[in-house]
Amino acid sequence: EGARQRLSNVTVVTKAVPSSKKMVMDVRTRQIEAIKHMLNLNSPKPENTWKILVFDEYGRDIIAPLLTVKELRECGVTLNLLISDKRDPIPDVPVVYFVMPNKTNIDLISSDCKNQMYEKFYINFITAVSRHLLEDLAQMTIDSDSVFKIEKIFDQYLSFCMLEQNLFTVSAYDSEICSYHALNRPDAKDPDIEKCINTIVDSIFSLFVTLKELPVIRCPKGNAAGIVAENLEKKMRDARRDPKSGF
C-alpha cells in the first residue's frame, strides 16, 4: 500500500555532465542518428544496400515519430513489417530486426532463420538481451542448421520514445506497464511495481547511452524515486566496467 502511494509521485531529476564544452545535442537528434546507424547495418561507412525492416510494436512506436517512410527509403529500407504479421519470404534481401528481447521474438526470429526468409539477418535488440535468450536463439538456429544466416547481433539501448526534441516517454506501446492507473489500482501487486521500476530504469539508462553522457542523479530518499535512482546508479556502474557498453 505504501509503495503504491509513493509511486504515484515519482520524480527523478537528472543533469547531464557534458564530456566537452560543446552544447549537448538534443535527444531526438541523437536517437535518429542511432536508428540510421542501425539501418546502415551498424557500419561506419555508407552501405548502399536495400533491406527489409522488421520490428515489433515497441520498435514501431520508437521509429514512427522519428522517420517518415521517405526517410526510411533513403536509408535503404524497401519494406517495413511487423514481426507478428504473416510475412512472405524474400530470400535475396537482408533484414534488419528491431525488437524487444523476449521469448516470443526469439522464437519468431529463429523460425525466420529456419525458413530462410531473408538473405542475412542483422538482429538489433531495443534493450540488452539476456544470456539465456541468446543461448536459446543459438541452439534453435543450430538445430535447424540456419545459424549461418545470422550476420550480427546488437544491443541498441533505445528503449524510449521521443515525443518532442527533449521530451520522451518510457513506454510507448504498452502504456499500462507504467500508467498512473496501473500503479494505483487497488489490486496492484509488488511484481507490477517492480516491472514499472525496471522499465523506468531501462529507459533512462538507454537515454544516457544514446547521449553518451553520465548523469548526476538527484532524488528524495526513502521512496520510489530513490529506488529508481539506486537501480539506475547500479546499472550505470556495471556498464562502466563493461568495455562494450555505451559508456
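Residues numbered from 1 in each chain as written. Predicted model: local features only at pLDDT ≥ 70, side-chain atom pairs only at ≥ 80, totals over all residues. Heavy atoms only, no water.

A. Spatial organisation of the overall build of the protein chain. Across its full length, the protein chain holds 9 helices and 9 strands. Looking at the protein chain residue by residue over its 247 residues, the buried ones come to 43%. Taking contacts inside the protein chain between residues at least 6 apart in sequence as the whole, the part at least 24 apart equals 81%. A total of about 13800 Å² of accessible surface is found on the protein chain, and carbon and sulfur atoms cover 52% of it. (Helix = DSSP H or I, 4+ residues; strand = E, 2+ residues; numbered from the N terminus. Buried < 20%, exposed > 50% of the residue type's maximum accessible area, 1.4 Å probe, protein only. Contact = heavy atoms within 4.5 Å. Areas by Shrake-Rupley, 256 points an atom, 1.4 Å probe, with all protein chains shown as cover.)

B. Examining the pairing of strand S7 (residues 161-164) more closely. Where S7 and strand S8 (residues 167-169) come together, 3 bridges link them in antiparallel fashion. Across the sheet, Met162 pairs through a bridge with Phe168, a residue of S8. Hairpin geometry of S7 and S8 is characterised by an intervening segment of 2 residues between the two adjacent antiparallel strands. (Pairing = 2+ DSSP bridges.)

C. Structural context of the sheet that holds strand S5 (residues 121-125). Pairing is parallel in the open sheet, where 5 strands are placed in the order S3-S2-S4-S5-S6. Each edge of the open sheet is held by one strand with a lone partner, namely strand S3 (77-82) and strand S6 (150-155). Each adjacent strand pair in this sheet contributes to an overall mean axis angle of 15°, direction not counted. As judged from the 5 bridges shared by strand S2 (residues 51-55) and S3, these two strands associate in the parallel manner. In the sheet register, Val54 faces S3, and the bridge partner there is Leu81. (Axes fitted to C-alpha atoms, helices over the stretch in contact; angles between N-to-C directions.)

D. Local environment of helix H9 (residues 224-240). End to end, H9 covers 24 Å across 17 residues, agreeing with the expected 24 Å (1.5 Å per residue, within 8%). Residues of H9 that are buried include every one of Ala224, Ala225, Gly226, Val228, Ala229, Leu232, Met236 and Ala239, and no others. (Expected span 1.5 Å × (residues − 1).)

E. A look at the pairing of S2. Most of S2 is tucked away: 5 of the 5 residues are buried. Burial along S2 is two-sided: the face carrying Lys51, Leu53 and Phe55 and the face carrying Ile52 and Val54 are both buried. Examined bridge by bridge, S2 and strand S4 (residues 95-99) share 4 bridges and lie parallel to one another. By the bridge assignment for S4, Phe55 is matched with Phe98.

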